[in-house]
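Examination of the molecular architecture
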Amino acid sequence: MSSTADTADSGSVAGAGQEAEGDSEPPQPPAVPQCQEPERREDEEVKVEEESPPAAKQPRLEAVDAALACDSLPPVEPGEGNDGHSDHSLQVQDTGEEQASVQTCELGEGVGEEEEERVGEEEWPQNGQQTPTMMEGREEEEEEEEKENEDGIQGSDLSPQEGHNLGLDLSRTPQMLTGAWAEYSGSPENYLRGCKWAPDGSCILSNSADNVLRVYNLPAELYSQDWDLLAEMSPVLRMAEGDTIYDYCWYPKMSSLDPDTCFIASSSRDNPVHIWDAFYGDLRATFRPYNHLDELTAAHSLCFSPDGSQLYCGFDKMVRVFYTDRPGRDCEERPTTVKKQGQTGIISCMAFSPAQSLYACGSYSRSVGLYSCQDGTLLALLPPRHRGGLTHLCFSQDGNRLYTGGRKDPEILCWDLRDPGRILFSLNRSVVTNQRIYFELDPTGRYLLSGNTEGVVSVWDTSAAPSGCEAVLQPQLQFQAHADCTNGISLHPYMPLLASSSGQRQFCGPGDSGGDSDSDSDSDAVMSPRQGRHDNALAIWWAGPFGSANQGGQDEQLAVSAD
């Protein structure tokens, strides 16, 4: 694995051990057996014999191997006992010792009878596994229970995309569990700029103003009985960019069972697109986009195709498509403006439809374009209804709706893609700066969550949308998550966990940052002294059903809300 951009260019993103660019193969979905460790390459075997793994890669629990071998674990709710632990660490330790290839997941002795009876009712798939395996003697009972399920969903067909968030409860205020503060408390200017869960849910990625991407493992203490043992999280990996980070994203087929799929794409000012190894923290490869003057230019937005074979990069009036198995400068150029017709401005955000073969691009010119995945043909250009440049967008699960949000814009608009140009309803939030404020739909597509510049997180039930055209949908829940701007929101792919990040650039003088520039580096407004409060933090929230015994986390959350 290369640590420099030059040597990384000749390697494959999905296979760091490959030597020639022509010999690279496209990244494939993880094909590791459920109860078996991933195979190691020959060069990795030599490296493991010569040197020990980094300290950040050491498992924190002795039962890590048994936990990774288990197909499924029963859900743990606050206040309920469960002595079984599971480590969702992104890193898989190679000890060199012979381990059992197949293990049966059994419940720990500390599991009570009530917990054991609930196993068939509610499960969370682990690390991309699709078929939960029950303990012997309960398979027939599970099938009967699932057949009687009111929703008609069979447990054997559940996947992290279909059976996710089985315990998600957004009808009440989430409970704060833990977070990270020390990493960002050294300077008031080191505010966070978003957070994103890994596709397999094993860890979370954060971006901050010090231009460092940090990876945090999912705390293993979440599976213990006493949640009071949850301590502040510490990053296991730090990946430093050279300048302001414009955008970053996970490889969509990422699985911690297959190190070759663990990587992150990031783009920063005056730098090429970097591919970071999320298993060791090294620079794995680079994609080098050049403009018409043959000058290196930085991408303002990044998005992997759903199958992970392509990386889409947004530029001024241009989208460049790189193939993930071919690092370097070769790419496909897809102009968004042809003969002064089309979508103008810098492409600031992109998203792929989960139901159709198309993708959406938002620009700082306040417009939204829909394009064909095959050749980039413009299918529809939505009118510029936002007050500021677009900073984030996402599709509904059925692909019929598109949600868009802009900077210095108090509205999130819901577009009806069956009738392009029509707005179904809007969601109001407070956004008074140029900062990118993320929002996210839960995997079922029912709830939409977003923070605002006052630190409040709002939850809207989109299924209760008013029938009137462009009506305003009121939030069903609001809670004070941070004392400062809540800019990042991310839901765990299959557990009732919510991550939020906070902070913004602040100065002691009145005024503003001066209009809508086309640079994301100027994405924060100048704050007045009365607004000068610092809360740079990453927080993890429990958004599932509450137990009656665990009140410590609730008291902590109330204290944060009071601040």
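Residues numbered from 1 in each chain as written. Predicted model: local features only at pLDDT ≥ 70, side-chain atom pairs only at ≥ 80, totals over all residues. Heavy atoms only, no water.

**Examining the overall build of the protein chain**
Each helix and strand counted, the protein chain has 6 helices and 33 strands in total. Evaluated residue by residue, the protein chain yields a buried proportion of 56% over its 563 residues. By sequence separation, contacts in the protein chain at least 24 residues apart represent 62% of the contacts at least 6 residues apart. (Helix = DSSP H or I, 4+ residues; strand = E, 2+ residues; numbered from the N terminus. Buried < 20%, exposed > 50% of the residue type's maximum accessible area, 1.4 Å probe, protein only. Contact = heavy atoms within 4.5 Å.)

**Regarding the confidence of the model for the protein chain**
Considering every residue of the protein chain, the mean pLDDT works out to 74; 62% of them sit at 70 or more. A low-confidence stretch, residues 1-11 (pLDDT under 50), is modelled with 33 contacts involving residues beyond four sequence positions or located in other chains. Confidence over residues 521-531 falls short of pLDDT 50; this stretch has 37 contacts with residues more than four positions distant or in other chains. (pLDDT = per-residue confidence, 0-100.)

**Quick word on the state of the cysteines**
Scanning the model with the defined rule gives 0 disulfides in all. With no disulfide of its own, C349 has C361 as its nearest cysteine by sulfur position, at a separation of 8.2 Å. Judged by its relative accessible area of 5%, C349 is buried. Of all cysteine sulfurs in the structure, the one in C414 sits closest to C394, which takes part in no disulfide; the separation is 9.4 Å. Classification of C394 by relative accessible area gives buried; the value is 14%. (Disulfide = S-S within 2.5 Å.)

**Some thoughts on the pairing of strand 33 (residues 538-542)**
Taken across its 5 residues, strand 33 has 5 buried, putting it largely inside the fold. Judged by which residues are buried, strand 33 turns out to be covered on both faces: L538, I540 and W542 on one side and A539 and W541 on the other are all buried. Inspection of the sheet shows strand 32 (residues 497-502) paired to strand 33 by 5 bridges, in the antiparallel sense. When the sheet's bridge partners are listed, L497 is paired in strand 33 with W542. (Pairing = 2+ DSSP bridges.)

**A short note on the sheet that holds strand 18 (residues 347-352)**
With antiparallel pairing, 4 strands are arranged side by side in an open sheet as 18-19-20-21. What marks the edges here is a single partner per strand, and that holds for strand 18 and strand 21 (378-382). Taking each pair of neighbouring strands and ignoring which way they run, the sheet shows an average axis angle of 20 degrees. Of the pairings in the sheet, the one linking strand 19 (residues 358-363) to strand 20 (residues 368-372) comprises 5 bridges and is antiparallel in character. From the neighbouring strand, G362 faces strand 20, where its bridge partner is V368. (Axes fitted to C-alpha atoms, helices over the stretch in contact; angles between N-to-C directions.)

**Some words on the nonpolar core**
Side chains of a nonpolar character, in soluble globular proteins, are inclined to be buried together. Formed by 21 residues in total, the largest nonpolar core has its most connected members in I204, L497 and L538. Counting residues per element, the ones that place at least two in this core are strand 3 (175-180), strand 4 (192-197), strand 32 and strand 33. Once residues within four sequence positions are removed from consideration, I204 is found in contact with C195, K196, W197, R214, V215, Y216, A499, L538 and I540. Counting residues in each nonpolar core, the second largest holds 19 residues, with M239, M254, C262 and Y438 among its members. (Core = buried A, V, L, I, M, F, W, Y, C linked by side-chain atoms within 4.5 Å.)

**Considerations on the pattern of salt bridges**
Taken as a whole and judged by the stated rule, the model has 14 salt bridges. Here D247 makes a salt bridge to K196, at a shortest N to O gap of 3.9 Å. Of this pair, D247 sits in strand 8 (residues 245-250) while K196 sits in strand 4, and the two are 51 residues apart along the sequence. The salt bridge involving R214 is made with D210; its shortest N-O contact spans 2.8 Å. Judged by relative accessible area, which is 29%, D210 ranks as partly exposed. (Salt bridge = Lys/Arg side-chain N within 4 Å of Asp/Glu carboxyl O.)

**Focus: the sheet that holds strand 32**
Within the open sheet, the 4 strands sit side by side as 3-33-32-31. Their pairing is antiparallel. The strands lining the two open edges of the sheet, one partner per strand, are strand 3 and strand 31 (486-491). Ignoring strand direction, the axes of neighbouring strands in this sheet form an average angle of 25 degrees. Both strand 31 and strand 32 contribute to a ladder of 5 bridges, which runs antiparallel. The partner of G488 across the bridge, within strand 32, is S501.

**Things to note about the packing of aromatic side chains**
Summed over the entire model, instances satisfying the criterion amount to 11 aromatic pairs. An angle of 70 degrees between the planes, with centres 6.0 Å apart, marks the rings of F263 and F304 as edge-to-face. Here F304 lies in strand 12 (residues 301-304) and F263 lies in strand 9 (residues 263-268), a separation of 41 residues in the sequence. With respect to burial, F263 and F304 carry one shared label: buried. The structure contains a cluster of three or more aromatic residues connected by ring pairs, namely Y312, F352, Y359 and Y371. For R320, the ring lying beneath its charged end belongs to F315, and the centroid distance is 4.6 Å. We note R407 situated over the ring of Y364; from NZ or CZ to the ring centre the distance is 4.2 Å. (Phe/Tyr/Trp six-rings, centres within 6.5 Å; stacked < 30°, edge-to-face > 60°. Lys NZ or Arg CZ within 6 Å of the ring centre and 35° of its normal.)

**Examining the environment of Q310**
Its place among the elements puts Q310 in strand 13 (residues 310-315). In this structure, the C-alpha to C-alpha distance between Q310 and T324, residues 14 residues apart in sequence, is 5.4 Å. Discounting residues that sit within four places of it in the chain, Q310 has contacts with C303, F304, S305, V321, F322, Y323 and T324. In terms of polar contacts, Q310 uses its side chain to reach the side chain of Y312, at 3.4 Å. (Polar contact = N/O pair within 3.5 Å; in protein donor to acceptor, adjacent residues only side chain to side chain.)

**Things to note about unusual backbone geometry**
With phi around 75 degrees, R366 is a residue other than glycine that occupies positive phi space. With respect to the helices and strands, R366 occurs in the loop between strand 19 and strand 20. For K408, which is not a glycine, the phi torsion comes out positive at approximately 55 degrees. On the accessibility criterion, K408 (24% relative accessible area) is partly exposed.

**Regarding the environment of Y323**
Secondary-structure assignment places Y323 in strand 14 (residues 318-323). Sequence separation between Y323 and S305 is 18 residues, and the spatial gap between their C-alpha atoms is 9.9 Å. Among all residues touching Y323, those that are not within four sequence positions of it are F287, S309, Q310 and E332. Within the structure, Y323 has its side chain in polar contact with the side chain of Q310 (distance 3.4 Å).

**A word on the environment of M254**
Relative to the helices and strands, M254 is located in the loop between strand 8 and strand 9. Through-space distance from the C-alpha of M254 to that of G201 is 9.6 Å; in sequence the pair is 53 residues apart.

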